[in-house]
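Given next are the chains, with one letter for each unit.
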Amino acid sequence: MIRTEEMLLNVGPQHPSTHGVFRIVLKIDGETIIEATPVIGYLHRGTEKLAENLQYTQIIPYTDRMDYLAAMTNNYVICHAVETMMSLEIPERAEYLRVIVMELGRIASHLVWFGTYLLDIGAMSPFLYAFREREAIINMLNEICGARLTFNYMRVGGVKWDAPEGWIEKVRDFVPYMREELAGYHDLVTGNEIFLNRVKGIGYYTKEEALNFSLSGANLRCTGTNWDLRKDEPYSIYDRFDFHVPVFHTGDAWARYQCRMQEIEESLKIVEQAVEQFPEEGPVMAKVPRIIKPPKGEAFVRIESPRGEIGCYIASEGKKEPYRLKFRRPSFYNLQILPKLLVGENISNLITILGGIDIVLGEVDG
Amino acid sequence: MEELLYAQPGWTHVAIFFALGAALLVTVLGFVTYAILAERKVLGFMQMRTGPNRVGGRFGLLQTVADVFKLLIKEDTIPKLADRPLFILAPVIAFAPAFMVLATIPFSENMQFADLGVGLLYYVAVSGISTIGILMGGWASNNKYSLLGGMRAAAQMISYEIPLVISVIGVILFAGSLNLNDIVRGQENIAYIFLTPIGFFVFLISSIAELNRTPFDLPEAESELVAGYHVEYSGFRWAFFMLTEYVYLFAMASLTTVLFLGGWNPIPFLDFIPGMLWFGVKFSIVVFFMIWIRGTLPRLRADQLMSFAWKVLLPLALLNIFVSAAVKELFL
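For clarity, every value in this text was computed on a predicted model and none was experimentally measured.

Overview of the pattern of salt bridges
Counted by the stated rule, this structure contains 34 salt bridges over all chains. Of the charged contacts in the structure, one is a salt bridge between R221 of chain A and E263 of chain A, with a shortest N-O distance of 2.7 Å. On the criterion of sequence distance, the pair formed by R221 of chain A in helix α9 (residues 218–221) and E263 of chain A in helix α11 (residues 253–277) is long-range, its members being 42 residues apart. Residue classification places R221 of chain A among the buried residues on the basis of a relative accessible area of 1%. Classification of E263 of chain A as buried rests on a relative accessible area of 1%. Among the salt bridges present, the one from R213 of chain B reaches E39 of chain B, with a minimum N-O distance of 2.7 Å. Of this pair, R213 of chain B sits in the loop between α11 (197–210) and α12 (222–225) while E39 of chain B is found in helix α2 (residues 11–46), placing the two residues 174 residues apart along the sequence. Exposure remark for R213 of chain B: the relative accessible area of 7% places this residue in the buried category. Using a relative accessible area of 2% as the deciding quantity, one classes E39 of chain B as buried. In this structure, a network of salt bridges that share partners links the residues E103, R106, R221, D228, R230, E263 and E304 of chain A.

Pasting the structure below:
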């Protein structure tokens, strides 16, 4: 008779695959997980509390630090919330620039996910390929706003800088290049037998569970729920573009992988159309008072970030600073399902499941 | 070599053997140095980066030397709660067999250190000892990650040894001998890879698993177990584990060359090129293939690894015995 003993294993906060300072305390029997307790908060910066003492424009750089892989969407959500409160009209050119940088950011974010996910699973090369393409995007974004990750590009009423000369052409050239590289990724990874064995049927949850846990983004669409705010509650100028929302039905890591990979293609379509329709000239900033004071009241807006629904709630008392600011940070909500998914899995699957959720710790901890 | 072995032992003989052993060690260490560099360069080439390019000129020729030097002068830490004697002994036990197996490999017609009648058996038996070293290291570190890594290593290396051994039975049937020299001579007309392709396939996969290389690098799976069984090791003790891995790479690639690719035998019409060089070329192809695999494939999961060994490779290896026997009976 073999007697086995449970063991407590501490994964993280310093661990190669927790994607930042995330910690899970595991109770394991051999390599099988019996119980998992996530510990978060190592990167908590109190963005929401800090915001109460900051003017609206000053809050924008703080949002860069939340989801630092797709900071453009974070920039947008706070500006969008304030603009909604003030009922501002945004110039065409600014809207197009916003959409282009947001979609480029989405592609960059999914590329990081793709690379690190494959690195988690043990393949080294896709990581470097993905980062090469991401570098091209980062360079373009750097050119337009002077920063590679913490952009601080958008302002209430528009964007801070107009596109430099030749920038739009660069974006136009990037689209076919990216398509070609994407086909290369599919050749290298998507059909790989080992990869398929690692992701198929792993981390499965149903549509109901996903909705009960308030999952969003690819984590929700992998269960067959067709929900994308760009389509269902179009904000900005997303109703002008022709794209479709990839939906898969198996609810496992494989579906999430396919979902994200197709989202890159859809984002490329949007970028392509936005560049096509880009207005020749015009202002990039609306007429906004120097000191922004939204009227007394509340507003909640939500948009589709690469990781899911990012929301911003503002309670204003008509002052320069918000009375209360709250972000609905998708990574935080998406992470909640992790302990449930881990029970009964082994340690290799832990990495596959955690990576598949696609969290950014800056966003989880806020 | 023969006369020396049967002659009366004397100090001269001891000195000669010692010198020869040292020569082999230097050769192997030289190989390891440049195998590591080659691996980094080839991977760099595949991943569109340059690889080492600072120490030792544009190609980083001295990079590994600098790395080894760094490891030598590094502080040697032993965890407080580690099992001290075992912790110190483990890298040695892992490394020694890796070097021992090289003795039987015939690098060319007359370059072999021990022409054993049971050469192949000796190789398989001795290389099994390394598993103990790795398991010891994993256990003695008193770290949960290294324990998991050690357990994985033991399970994996024992499972894959079985298809590995069975897959070479085809070769033994054709050669009619366990002596590695005889096996090479048996391939003068045709390399055994063409006679037992299934055996070669099984052998290649099992040997990658034996070497703990991607896609079978579970014992040290970086993204899961941080570094697996050697997570607590530092400095030169750690280097010993690394050395074990690369010396085994050397040994395994040599064995593949000897068993399946015809060893030092030249391909027809090119026999003016010395056998040593032929061996080197074939050997390099095998090493390159292993690096290539590492640059391409993701990692298997532990349970998939086991089921692959027992449900796919083992039946294939068994089938190979019958196919080889049939081929030998009907065509040779």
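Let's pick the thread back up.
Here's the deal with the interface of chain A and chain B
Contacts between chain A and chain B engage 34 residues on the former and 26 residues on the latter. Between chain A and chain B lies a buried interface of about 2500 Å² when both sides are counted; carbon and sulfur atoms form 57% of it. Three residues stand out in chain A for area buried against chain B, namely E31, M124 and I194 of chain A, and they jointly supply 20% of the buried area on that side. In this structure, the connection of chain A to chain B is made through one salt bridge. Where R152 of chain B meets E31 of chain A, a salt bridge forms, and the shortest distance between an N and an O atom there is 2.5 Å. Inspection of the chain A/chain B interface yields 11 residue pairs in polar contact (both at pLDDT 80 or more). Of all the secondary-structure elements, those providing two or more residues to the side of chain A that touches chain B are β1 (6–11), α4 (92–121), α5 (125–145), α7 (193–199) and α14 (347–357) of chain A.

A short note on the nonpolar core
With 87 residues, the main nonpolar core has L104, Y153, W167 and F195 of chain A as its most contacted residues. In terms of residue count, α4 of chain A provides more of this core than any other element does, 16 residues in total. Ignoring anything within four residues of it in the chain, the contact list for W167 of chain A reads L97, I100, V101, L104, M140, E143 and I144 of chain A. Membership of the second largest hydrophobic core comes to 71 residues, among which are V42, L102, V286 and I291 of chain B.

Focus on the domain arrangement of chain B
All names here are of chain B. Parsing chain B into structural domains produces domain 1 (1–73) and domain 2 (74–331). Averaged C-alpha coordinates put domain 1 and domain 2 at centres separated by 19 Å. Contact residues are listed per partner, giving 22 residues for domain 1 and 23 residues for domain 2. Between domain 1 and domain 2, roughly 2100 Å² of surface is buried when both sides are summed, and carbon and sulfur atoms account for 81% of that area. By the criterion of area lost to domain 2, the three top residues of domain 1 are F31, E39 and L71, representing 30% of everything that side buries. Linking domain 1 with domain 2 are two salt bridges. For the pair domain 1 and domain 2, the number of links is six residue pairs in polar contact (both at pLDDT 80 or more).

Reading guide: rules and limits
- Residues numbered from 1 in each chain as written.
- Chains lettered and ligands numbered in written order.
- Predicted model: local features only at pLDDT ≥ 70, side-chain atom pairs only at ≥ 80, totals over all residues.
- Heavy atoms only, no water.
- Salt bridge = Lys/Arg side-chain N within 4 Å of Asp/Glu carboxyl O.
- Helix = DSSP H or I, 4+ residues; strand = E, 2+ residues; numbered from the N terminus.
- Buried < 20%, exposed > 50% of the residue type's maximum accessible area, 1.4 Å probe, protein only.
- Contact = heavy atoms within 4.5 Å.
- Buried area = accessible area lost by both parts, 1.4 Å probe.
- Polar contact = N/O pair within 3.5 Å; in protein donor to acceptor, adjacent residues only side chain to side chain.
- Core = buried A, V, L, I, M, F, W, Y, C linked by side-chain atoms within 4.5 Å.
- Domains from an automatic or database assignment.

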